[in-house]
Amino acid sequence: MNIQWYPGHMTKTKRLIEENIKLVDIVIELLDARAPYSTKNPDIDKIS
C-alpha cells in the first residue's frame, strides 16, 4: 500500500503558482511567529 502524503490540491496549487509566478511582482509568505521554521513552505524559495 502506497500512502500519498502530498494531497492532490497541493500539487494542483503548486503547478498553478509555477505557471503564474511570472505575472507577479512580489510574493509575501506569512509565517506563524511562534514556529516560523516549521510553518515555512520550502517550495516557495524554489518557485520564486
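Residues numbered from 1 in each chain as written. Predicted model: local features only at pLDDT ≥ 70, side-chain atom pairs only at ≥ 80, totals over all residues. Heavy atoms only, no water.

K.L.:
Just checking my understanding: could you explain the overall build of the protein for this structure?
P.N.:
Looking only at helices and strands, the protein features three helices and zero strands. Listed by position from the N terminus, the elements making up the protein come as α-α-α. Within the structure as shown, the protein displays about 4700 Å² of accessible surface, and the carbon and sulfur contribution to it stands at 60%. (Helix = DSSP H or I, 4+ residues; strand = E, 2+ residues; numbered from the N terminus. Areas by Shrake-Rupley, 256 points an atom, 1.4 Å probe, with all protein chains shown as cover.)

K.L.:
Where do I start with the pattern of salt bridges in this structure?
P.N.:
Where charged atoms from two side chains of opposite charge approach closely, those side chains can pair. Under the criterion given, the structure shown has five salt bridges. Note that Asp-43 and Lys-14 form a salt bridge whose closest N and O atoms lie 3.9 Å from each other. Of the two residues, Asp-43 is situated in helix α3 (residues 42–47) and Lys-14 in helix α1 (residues 8–20); the sequence distance between them amounts to 29 residues. Among the salt bridges present, the one from Lys-40 reaches Asp-45, with a minimum N-O distance of 3.5 Å. A network of salt bridges, in which partner residues are shared, links Glu-29, Lys-40 and Asp-45. (Salt bridge = Lys/Arg side-chain N within 4 Å of Asp/Glu carboxyl O.)

K.L.:
Just to check I follow, could you spell out the side chain of Asp-43 for this structure?
P.N.:
What makes Asp-43 buried here is its relative accessible area of 15%. Apart from residues no more than four positions distant in its own chain, Asp-43 is found in contact with Tyr-6 and Lys-14. (Buried < 20%, exposed > 50% of the residue type's maximum accessible area, 1.4 Å probe, protein only. Contact = heavy atoms within 4.5 Å.)

K.L.:
Got a minute to help me understand a nonpolar patch on the surface in this structure?
P.N.:
Side chains of Leu-23, Val-24 and Val-27 sit close together on the surface and give an oily, nonpolar patch of about 270 Å² of accessible area. Mapped onto the elements of the fold, Val-24 is located in the loop between α1 and α2 (36–39). A residue is classified by how much of its surface remains accessible, and Val-24, at 40% relative accessible area, is partly exposed. (Patch = residues over 30% accessible without salt bridge, like charges linked within 9 Å, V, L, I, M, F, W, Y side chains within 5 Å.)

K.L.:
Would you mind showing me how to read the confidence of the model for the protein here?
P.N.:
It should be kept in mind that the predicted coordinates are not to be read in detail where pLDDT is low. Overall, the prediction assigns the protein a mean pLDDT of 86, with 90% of residues at 70 or greater. Across the protein, the element-wise mean pLDDT spans from 84 in α3 up to 90 in α2. (pLDDT = per-residue confidence, 0-100.)

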